[in-house]
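Next come the chains, spelled out residue by residue.
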Protein chains: 2
Amino acid sequence: MSEKQPFELRDFTPYLLNQAAEATGSRFQSIYKSKYGMLRTEWRVLFHLGCYGDMTAKDICERAGLHKTKVSRAVSALALKRFLERHELPQDRRHERLTLTTAGHRAFEDLVGDAQAFDAQLAARFSHDELALLKKMLVQLAHP
Amino acid sequence: MSEKQPFELRDFTPYLLNQAAEATGSRFQSIYKSKYGMLRTEWRVLFHLGCYGDMTAKDICERAGLHKTKVSRAVSALALKRFLERHELPQDRRHERLTLTTAGHRAFEDLVGDAQAFDAQLAARFSHDELALLKKMLVQLAHP
DNA sequence: ACCTAATAGTTGCTTTTGTAACTAACAAGC
DNA sequence: GCTTGTTAGTTACAAAAGCAACTATTAGGT
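Residues numbered from 1 in each chain as written. Chains lettered and ligands numbered in written order. Predicted model: local features only at pLDDT ≥ 70, side-chain atom pairs only at ≥ 80, totals over all residues. Heavy atoms only, no water.

S.K.: Explain the protein's contact with DNA strand C residue by residue, including any values.
M.R.: Near DNA strand C you find 19 residues, and of these Arg93(A), Lys58(B), Lys68(B), Ser72(B) and Arg86(B) are the closest. By atom count, sugar and phosphate contribute 62% of the portion of DNA strand C lying within 4 Å of the protein. The contact in question runs from a phosphate oxygen of DNA strand C to an N or O atom on the backbone of Glu96(B), over 3.3 Å. When residues of the surface near DNA strand C are traced back to their parent elements, those giving at least two are α4 (68–80) and β2 (92–100) of chain A together with α3 (57–64), α4 (68–80) and β2 (92–100) of chain B. Tallying contributions element by element places α4(B) first for the surface near DNA strand C, with 4 residues. Classifying every residue of the surface near DNA strand C by side-chain character gives 2 nonpolar, 6 polar and 11 charged. (Near = heavy atom within 4 Å. Polar contact = N/O pair within 3.5 Å; in protein donor to acceptor, adjacent residues only side chain to side chain. Helix = DSSP H or I, 4+ residues; strand = E, 2+ residues; numbered from the N terminus. Nonpolar A, V, L, I, M, F, W, Y, C, P; charged D, E, K, R; others polar.)

S.K.: An account of the protein's contact with DNA strand D is requested, with residue identities and associated values reported.
M.R.: Lining the immediate environment of DNA strand D, one finds 18 residues, of which Lys58(A), Ser72(A), Arg86(A), Arg93(B) and Arg94(B) sit closest. Counting only the atoms of DNA strand D within 4 Å of the protein, the fraction contributed by sugar and phosphate is 64%. Arg73(A) places a polar side-chain atom, nitrogen or oxygen, 3.5 Å from a base nitrogen of DNA strand D. A total of 4 residues in the surface near DNA strand D trace back to one element, the largest contributor, which is α4(A).

S.K.: I'd love a proper account of the relation of the copies chain B and chain A, names of residues and values included.
M.R.: Take chain B, turn it by 180°, move it 0.0 Å along the axis, and it overlays chain A with an RMSD of 0.0 Å. On the angle and the small slide along the axis, the relation comes out as a two-fold axis. When the interface residues of chain B are mapped onto chain A, 100% of them again lie at the interface, so the same face is used by both copies. (Least-squares fit on C-alpha atoms with pLDDT ≥ 70 in both. Contact = heavy atoms within 4.5 Å.)

S.K.: Outline the layout of surface pockets, listing residues and values.
M.R.: Remark: the empty space left among the atoms is shown by a probe the size of a water molecule rolled over them. When its volume is computed, the largest pocket comes out at roughly 770 Å³. Along the wall of the largest pocket there are 27 residues; nearest its centre are Asn18(A), Gln19(A), Glu22(A), Ala23(A) and Arg44(B). Taken together, the elements giving at least two residues each to the lining of the largest pocket come down to α1 (13–36) of chain A together with α1 (13–36), α2 (40–52), α3 and α6 (128–142) of chain B. When residues of the lining of the largest pocket are assigned to their parent elements, the largest contribution, 7 residues, is made by α1(A). Taken together, the residues of the lining of the largest pocket sort by class into 11 nonpolar, 8 polar and 8 charged. Approximately 560 Å³ is the volume found for the second largest pocket. (1 Å grid on protein atoms, 1.4 Å probe; cavity = no way out; pocket = protein on both sides within 12 Å on 5 of 7 lines; lining within 4 Å. Points joined across faces, edges and corners; volume = space filled by probe spheres on them.)

S.K.: Residues and numbers for the pattern of salt bridges, please.
M.R.: Residues and elements named next belong to chain A. Under the counting rule described, the total for this entry stands at 20 salt bridges over all chains. The residue aspartate 54 makes a salt bridge to arginine 97 at a minimum N-O spacing of 3.7 Å. On the criterion of sequence distance, the pair formed by aspartate 54 in the loop between α2 (40–52) and α3 (57–64) and arginine 97 in strand β2 is long-range, its members being 43 residues apart. Arginine 97 sits in the partly exposed class, given a relative accessible area of 37%. (Salt bridge = Lys/Arg side-chain N within 4 Å of Asp/Glu carboxyl O. Buried < 20%, exposed > 50% of the residue type's maximum accessible area, 1.4 Å probe, protein only.)

Okay, here's the thing in structure tokens:
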């Protein structure tokens, strides 16, 4: 008869990924949360606009793999904080171009500094090659 | 004057970790959700008890890094499904030992099979050495 | 014995997320 | 022009997570 393989939870890839993502994510979240009262999705929207320039909510959904309601609410929250403005496109008034305000850019630039410092701190734990491989593998795992 | 470093969101470790964890986690979640209507925390509690034997809710909190309210509700849900039983310890009636029922064990064994298949599918994308390094790094990153 | 502190776990309330239905704007066929 | 279908984004309601206050029980000091 077939003997069952023992299962070790601490060796299960999705579990390890979740633990690592949760630990680093929540640690970094405390920075932008305390500074700007931002939620994780708000941070992502801010960084998408800051890194890649103006785009629509739909674009952010696709790039970040977020649901449109989540983005919609994050955009509203950021607009309330006066970090971005919405401009209906004349050629198709269903779309709206999202643009960071000056204050939004300032917040972005400030948080870029924090992000780089945070990432450097994580990177310091590993060699350059190890880190490159980790990132390559994470990108791979993010795909279905 | 100092020029700002460009920042690439797709190269930010916590972001990559989150994307990878989210993708694999939600794909795996659909298995135990459809089979047993379990939430992620319930799955974790079930697997902690299945893998490591009886323990208290507190033990699970510490091992899994979960808040006690989350565990408390997951335990209640699993008890409702008759997957576990609670037994007050006579020597200290504040603690309760959590034990899987026969049905709980069956569900666990069933899901262990799914977990192993799922993990094998993920592992197939990489070499043995790569995977070992990934896991080592994830464990590292899970620590503060 | 009695008072205070600590601990395991639960409950209530608020915030956040998820899902589905909705609105408004456009497009294509007839 | 008028249906029918599609798309961007919002809203409403339900599920889940987070946080703080609570109960019950034990431990320790006096």
